[in-house]
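If you want the building blocks of each chain, they are given just below.
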Amino acid sequence: MSRILGCLELVNVSSLKLSHLKEVNGITQDDLVDNTIPIRSHHVLKIGRNGIETDLIIDHPAVSAIHCIFWCVLFDEESFPMCYIKDVSLNGTKINNVLLQRDTSYLLKDNDIISIECDSGIICSLKFIETITRKLNVDLLKQLNVEHSIDDWKISTRVVGNGTFGHVLVCENEKINNFTQKHFTLPKNYAVKIIKLKPNKLNKEAKILLQLNHPNIIKVYHTHMDLNNNLFIFQDLISGGDLFSYLAKTDCLTAIPETESLLIVYQILLALRYLHKRGVVHRDLKLDNILLASPEPCTRITLADFGIAKHLTSTKTRMHTVVGTPEYCAPEVGFKANREMYQTFSRAATLSDKDVGYSNKCDLWSLGVITHIMLTGISPFYGDGTEKSIIENAMRGNINYNIKHWEKISSTAKEFVKNLLQVDVRQRFDSNQAINHPWIETHRSQLDQIYQKKILQQGASKRPTTSLSKTPGNQIKPYLVQDTNDSIEKTKMNWKRKLPKTIVVSNKKHKLNTLHKYTNKQKI
Ligand SMILES: Nc1ncnc2c1ncn2[C@@H]1O[C@H](COP(=O)(O)OP(=O)(O)OP(=O)(O)O)[C@@H](O)[C@H]1O
C-alpha cells in the first residue's frame with residue numbers, strides 16, 4: 001500500500017485556472033477540494049497538459065505535455081522522506097522564483113513554492129508541504145560526535161539512508177554552488193556518508209572512490225577524517241532511491257520489462273568493465289547498492305557502497321576474504337571457508353586455503369542474480385531464505401528456466417543469465433564477454449544512442465530550440481540558463497515560452513484572453 005510522503009498545496013490559483021485541473025490516477029476530488037495533491041511512495045506524480053500520462057492536467061498551451069514530475073524516496077523509518085521535483089518542460093518550472101535546470105532533480109524543502117508561469121503571469125503555483133516531519137536527527141550527529149560543518153561542507157540533519165557501517169545524510173557545499181553558478185541556478189544538495197572507523201583502520205572505501213571517475217559510479221568530491229575516527233565521504237546525492245525499492249513496489253519484488261532491465265544491465269556492465277580494468281572489484285553488488293537518478297525507466301544508474309571493494313595489485317591477485325551478501329554472493333567466495341564461520345557469513349571470515357581464492361568474476365555472479373531478479377521478480381537461490389539454503393542453492397547453481405516467470409523472456413536474455421550464474425568460474429563470463437553477449441550486442445547501437453543522448457544528458461540538457469527561435473529577428477528566444485550571479489533577475493526577464501509543435505491552438509475553444517495572445521505570437 002502506498003503511503004503519502006509529501007503534499008502539494010494549490011496556492012494562488014484563480015478559480016478559472018483551477019477548472020483546468022482534472023482528477024486522474026488516484027488523485028481524488030477530495031484532494032482537490034482540499035487544494036492538496038498527495039505525493040505517494042512508489043508513484044511518480046506527473047503534472048502537465050497530457051491527459052493520458054499525467055496525474056494532474058493543466059490545460060494550458062504554455063504547459064508541456066509532461067511539465068514536471070514529483071516523487072518521494074523513503075529508505076526506512078529512521079530516514080527522512082526525500083521528495084524531489086524534476087522539470088522536463090519546454091518553458092520551465094520555477095522553485096521559489098528561480099528557474100529549475102531542466103532534467104535535474106531538486107530536493108524539495110518544506111514550504112518551497114513551485115510555479116509554472118507564462119508571460120501574463122502564474123498559471124499554477126503549488127506549495128510543497130512535508131507530511132512526515134521527523135524529529136530532527138540532531139541526536140544522531142551528537143551520538144556520532146560529528147560537527148555540522150566540515151571545510152566548505154554543511155551537514156544537514158536529513159538522513160538519506162542507513163547501512164551496516166554508515167549513515168548517509170544530505171549536505172550542501174557553498175563553494176561548489178558558487179563555482180558552478182554557471183550551471184545551477186538553485187543550490188545543489190550532496191550526500192555525505194559518515195562511517196565510524198576502528199582506530200588505525202585505513203579508509204579504503206574513500207581511497208578507492210577518489211580514484212574513480214565514471215558516469216555510472218558514485219562521484220566523490222572530498223573525504224575527511226576527524227579526530228574521533230569518523231570518516232566523511234562527500235558525494236553526489238542520487239535522487240531516485242535504490243533498485244531494491246524500485247522493484248519492491250508492493251510487498252514483494254516485481255519484474256520489470258526486458259528492455260528496461262537491459263538498459264540497467266548495460267550501465268552496470270560499463271561500470272564493471274571500467275572497475276575491473278583498473279583492478280577494482282566491488283564485491284557487494286546488490287539491488288540496494290544500485291541507485292537510480294529517478295524512479296523511472298531509462299534513467300541513469302549509479303553503483304554505490306564501495307565499503308568492501310578491493311583494489312587488486314595485479315590481474316593475478318586473488319582474494320580470500322569471505323565478504324558480501326549471501327543472496328548475491330558467488331559460490332567460490334565462501335566455499336572453502338571454515339563451515340562455522342560461513343554460517344555467520346557476512347563480512348569478515350577468512351578463507352582457510354590461501355591458494356584458492358576468487359577473482360573479479362564474483363561481481364559478474366552478483367550481476368547474474370540482479371538480472372535474474374529484474375527479469376522474473378525472483379531471487380534465484382533464495383530457497384527458504386536462510387543463509388544455509390541460499391548457499392547450498394548457489395553451490396548447485398540450478399535454475400529452473402521452465403517456470404512461467406521466464407515464459408515471455410527472450411532466449412538470449414536467458415543465455416546471458418546462464419553465462420553469469422556459472423558455478424564454475426572458468427565458464428563464467430568476465431565483464432568484456434558479458435558486454436559482447438548477443439543480448440547486449442544485438443541492441444548495442446540503440447543502447448549506445450540512449451546512453452549518449454538520454455542517460456548522459458540527464459542534468460546537462462538544455463531546453464530544445466525550435467525552428468521559430470532560430471528565425472532571425474524573432475523576439476522569442478529559447479530560455480537558456482543564465483551564467484552570471486544575477487541569474488534570478490535575468491531568468492525573470494528571459495522567461496519566454498514556446499508552444500509545443502503538436503498543439504493547434506486555433507482549433508481549441510479556449511476562453512482565456514491570454515491564449516489568444518499566444519496564438520498571435522506563435523504561428524506554428
Ligand atoms: N550518494 C547517495 N545518494 C543517495 N542515497 C544514498 C547515497 N549513498 C547511499 N545512499 C542510501 O543510503 C543507503 C545506505 O548507504 P550505504 O549502502 O553506502 O551504507 P552501508 O553501511 O555501506 O550499507 P550496507 O549495509 O549495504 O553495507 C543506501 O542503500 C542508499 O539507499
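Residues numbered from 1 in each chain as written. Predicted model: local features only at pLDDT ≥ 70, side-chain atom pairs only at ≥ 80, totals over all residues. Heavy atoms only, no water.

Undergrad: How do you make sense of the UniProt feature "domain: FHA" (unreviewed entry) in the protein when you look at a structure like this?
TA: Under the UniProt annotation, the feature "domain: FHA" (unreviewed entry) is placed at residues 45-100. Here residues 45-100 is 0% helix and 39% strand, with 17 Å between the C-alpha atoms at its ends. (UniProt positions renumbered as here; feature names shortened; annotations may be inferred. Helix = DSSP H or I, 4+ residues; strand = E, 2+ residues; numbered from the N terminus.)

Undergrad: Where do I start with the packing of helix α10 (residues 361-376) against helix α12 (residues 411-420) in this structure?
TA: Describing two packed helices takes the angle between their axes plus the distance from one axis to the other. For the pair α10 and α12, interaxial distance at closest approach is 8 Å and the crossing angle is 145°. Pair α10 / α12 crosses with left-handed handedness. Residue-level contacts link Leu 364, Trp 365, Leu 367, Gly 368, Thr 371, His 372 and Leu 375 of α10 to Ala 413, Phe 416, Val 417 and Leu 420 of α12. Of the residues that constitute the contact of α10 with α12, the class distribution is eight nonpolar, three polar and no charged. (Axes fitted to C-alpha atoms, helices over the stretch in contact; angles between N-to-C directions. Left-handed = near helix turned anticlockwise from the far one by under 90°. Contact = heavy atoms within 4.5 Å. Nonpolar A, V, L, I, M, F, W, Y, C, P; charged D, E, K, R; others polar.)

Undergrad: What should I look at first to understand the packing of helix α7 (residues 258-277) against α10 in this one?
TA: The geometry of α7 relative to α10 is characterised by a closest axis approach of 10 Å and an angle of 170° between their N-to-C directions. If you check the angle between α7 and α10, you find them roughly antiparallel. Contact residues: α7 offers Glu 258, Ser 261, Ile 264, Val 265, Ile 268, Leu 269, Leu 272 and His 276, while α10 offers Asp 363, Leu 364, Leu 367, Ile 370, Thr 371, Met 374 and Leu 375. Taken together, the residues of the contact of α7 with α10 break down into 10 nonpolar, three polar and two charged. (Parallel < 35°, antiparallel > 145°, perpendicular 65-115°, else oblique.)

Undergrad: Any chance you could explain the domain arrangement of the protein here in plain terms?
TA: By a frequent convention, interface size equals the accessible area lost on bringing the separate parts together. Entries for the protein in the domain assignment read domain 1 (4-130), domain 2 (139-236) and domain 3 (241-443). Each partner contributes residues to the interface: domain 1 has eight residues there, and domain 3 has nine residues. For the pair domain 1 and domain 3, the number of links is one salt bridge. The interface formed by domain 1 and domain 3 holds one residue pair in polar contact (both at pLDDT 80 or more) in total. For the side of domain 1 that touches domain 3, the class distribution of residues is five nonpolar, two polar and one charged. (Domains from an automatic or database assignment. Salt bridge = Lys/Arg side-chain N within 4 Å of Asp/Glu carboxyl O. Polar contact = N/O pair within 3.5 Å; in protein donor to acceptor, adjacent residues only side chain to side chain.)

Undergrad: I would appreciate a short explanation of the nonpolar core in the present structure.
TA: Formed by 73 residues in total, the largest nonpolar core has its most connected members in Leu 243, Ile 268 and Leu 303. If one sorts the elements of this core by residue count, α7 sits on top with 12 residues. Formed jointly, this core draws a minimum of three residues from each of two domains, domain 2 (139-236) and domain 3 (241-443). Not counting residues within four places of it along the chain, the set of residues in contact with Leu 303 comprises Asn 216, Ile 217, Ile 218, Ile 268, Ala 271, Leu 272, Leu 275, Leu 285, Asn 289 and Ile 290. The next biggest cluster of nonpolar side chains, apart from the first, holds 31 residues, and it includes Cys 68, Leu 100, Cys 124 and Leu 186. (Core = buried A, V, L, I, M, F, W, Y, C linked by side-chain atoms within 4.5 Å. Buried < 20%, exposed > 50% of the residue type's maximum accessible area, 1.4 Å probe, protein only.)

Undergrad: What am I meant to see in α10 here?
TA: Turn by turn, an α-helix covers 3.6 residues, leaving residues three or four places apart pointing in a common direction. When the terminal C-alpha atoms of α10 are compared, their 23 Å separation across 16 residues agrees well with the 22 Å that a helix rising 1.5 Å per residue should span. Counting buried positions over the 16 residues of α10 gives 16, a clear majority of the element. A positive backbone phi angle near 85° is found at Gly 377, which sits one or two residues after α10. (Expected span 1.5 Å × (residues − 1).)

Undergrad: Any chance you could explain the pairing of strand β1 (residues 4-11) here in plain terms?
TA: Consecutive residues of a regular strand have side chains that alternate between opposite faces of the sheet. Where burial is concerned, most of β1 is hidden: six out of the eight residues are buried. Where β1 and strand β2 (residues 36-40) come together, five bridges link them in antiparallel fashion. Bridge pairing in β2 links Glu 9 to Thr 36. Here β1 pairs with strand β11 (residues 121-130) via six bridges, running antiparallel. (Pairing = 2+ DSSP bridges.)

Undergrad: Hey, could you run me through the UniProt feature "binding site: ATP" (unreviewed entry) in the protein in this one?
TA: Under the feature "binding site: ATP" (unreviewed entry), the UniProt entry names Lys 193. Structurally, Lys 193 can be placed in strand β15 (residues 189-196). A residue is classified by how much of its surface remains accessible, and Lys 193, at 11% relative accessible area, is buried. Excluding residues that lie within four positions of it along the chain, Lys 193 makes contacts with His 167, Val 168, Glu 205, Leu 231, Phe 232, Ile 233, Gln 235 and Asp 305.

Undergrad: Before we go on, may I ask you to explain the site of the ligand in this structure?
TA: For the ligand, the set of nearby residues contains 23 residues, the closest of which are Thr 164, Phe 165, Lys 193, Asp 236 and Asp 305. Side-chain polar atom of Lys 286 to an oxygen atom of the ligand: 3.4 Å apart, as the coordinates give it. Between the ligand and Asp 305 there is a distance of 2.9 Å, counted from an oxygen atom to a side-chain nitrogen or oxygen. When the free accessible area of the ligand is taken as 610 Å², the share hidden by the protein chains comes to 93%. Secondary-structure elements contributing two or more residues to the shell around the ligand are β13 (153-162), β14 (166-173), β15 and β17 (230-236). A per-element tally of the shell around the ligand places β13 first, with three residues. Taken together, the residues of the shell around the ligand break down into nine nonpolar, seven polar and seven charged. If you count residues domain by domain, the shell around the ligand takes at least three from each of domain 2 (139-236) and domain 3 (241-443). (Near = heavy atom within 4 Å. Areas by Shrake-Rupley, 256 points an atom, 1.4 Å probe, with all protein chains shown as cover.)

Undergrad: Is there a simple way to think about the sheet that holds strand β6 (residues 82-87) in this case?
TA: Within a beta sheet, neighbouring strands are joined by backbone hydrogen bonds and run either parallel or antiparallel to one another. Strand order across the open sheet formed by five strands is β4-β3-β5-β6-β9, with mixed pairing between neighbours. Each end of this open sheet is capped by a strand with a single partner; those strands are β4 (56-57) and β9 (105-107). Bridge count between strand β5 (residues 68-73) and β6: six bridges; the pairing is antiparallel. Residue pairing across strands places Cys 68 opposite Asp 87, the latter belonging to β6.

Undergrad: Looking at this model, I keep getting lost on the packing of aromatic side chains. Mind explaining?
TA: Aromatic ring pairs are described here by two measures, namely the spacing of the ring centres and the angle between the planes. All told, the structure shown has 10 aromatic pairs when counted by the stated rule. Taken together, a centroid distance of 6.2 Å and an interplanar angle of 80° make the contact between Tyr 266 and Tyr 451 edge-to-face. A residue pair is termed long-range when its members are at least 10 positions apart, and Tyr 266 in helix α7 and Tyr 451 in helix α15 (residues 444-455) qualify at 185 residues. Both residues of the pair, Tyr 266 and Tyr 451, belong to the buried class. Members of the aromatic cluster, each reached through a chain of ring pairs, are Trp 153, Tyr 190, Tyr 221, Phe 232 and Phe 234. Looking at Lys 249, its charged tip hangs above the ring of Tyr 246, at a distance of 4.1 Å from the centre. (Phe/Tyr/Trp six-rings, centres within 6.5 Å; stacked < 30°, edge-to-face > 60°. Lys NZ or Arg CZ within 6 Å of the ring centre and 35° of its normal.)

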